Amino acid sequence: MLKNSDGVPELQILICYHRPEAAVATYRQRWQIETWFRAMKSSGFNIEDTHLRDIDRIARLTAMVCMALVWAYLVGEHKDMNVKAVRILKHGKCAKSLVKYGWEEIANVLLRPLYKPKFDIFKFLYLIC
């Protein structure tokens with residue numbers, strides 16, 4: 001359920017002429033895709049800032065970023081389910097996405113030599129490759 005800045009639920013009207021029984025599920029999928037695009041563009045990897053023009057380089061970069069996003073998601077999901085759940089805010093949403101939660105764990109393992117992780121983040125790379 002979408003809520004405005006005051007926490008009041010907002011009415012959402014979906015108009016669908018083809019398979020209206022699937023409209024809500026389709027809309028949910030659209031927002032998942034929008035979230036991935038936001039992470040790739042402005043809320044994480046900033047791939048537009050590379051100013052790449054060569055299609056082969058763009059393709060390789062996009063593939064690597066997708067792999068990193070999936071890795072971060074899998075690590076975040078595992079940590080949320082098995083180590084410590086992401087905090088839920090008063091309005092019912094998670095305090096951070098599973099991608100961000102995983103990315104923080106990956107950064108801790110890679111950048112803090114004294115950090116002792118509770119699970120092996122690298123095992124999830126095998127699932128991706």
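Please refer to the structure higher up on the page.
These figures come from a predicted structure and were not determined experimentally. (Residues numbered from 1 in each chain as written. Predicted model: local features only at pLDDT ≥ 70, side-chain atom pairs only at ≥ 80, totals over all residues. Heavy atoms only, no water.)

Enquirer: So what exactly am I meant to see when it comes to the overall build of the protein here?
Expert: Secondary structure summary: the protein contains 4 helices and 0 strands in total. When the helices and strands of the protein are listed from N to C terminus, the series reads α-α-α-α. Taking 14 Å as the expected radius of gyration for a compact globule of 129 residues, we find that the protein reaches 18 Å, considerably beyond that expectation. Seen through its C-alpha atoms, the protein measures out along the principal axes to roughly 50 × 45 × 25 Å. Counting every position in the protein, which comprises 129 residues, the buried fraction comes to 19%. In the protein, the share of contacts with a sequence separation of at least 24, taken over all contacts with a separation of at least 6, comes to 45%. If you sum the accessible surface of the protein, you get close to 10300 Å²; carbon and sulfur atoms cover 59% of it. (Helix = DSSP H or I, 4+ residues; strand = E, 2+ residues; numbered from the N terminus. Rg over C-alpha atoms; globule rule 2.2 N^0.38 Å. Buried < 20%, exposed > 50% of the residue type's maximum accessible area, 1.4 Å probe, protein only. Contact = heavy atoms within 4.5 Å. Areas by Shrake-Rupley, 256 points an atom, 1.4 Å probe, with all protein chains shown as cover.)

Enquirer: Help me understand the environment of Lys-93, please; the structure alone is not making it clear to me.
Expert: Its location among the elements puts Lys-93 in the loop between helix H2 (55-82) and helix H3 (98-111). Setting aside anything within four residues of it in sequence, one finds Lys-93 in contact with Arg-87 and Ile-88.

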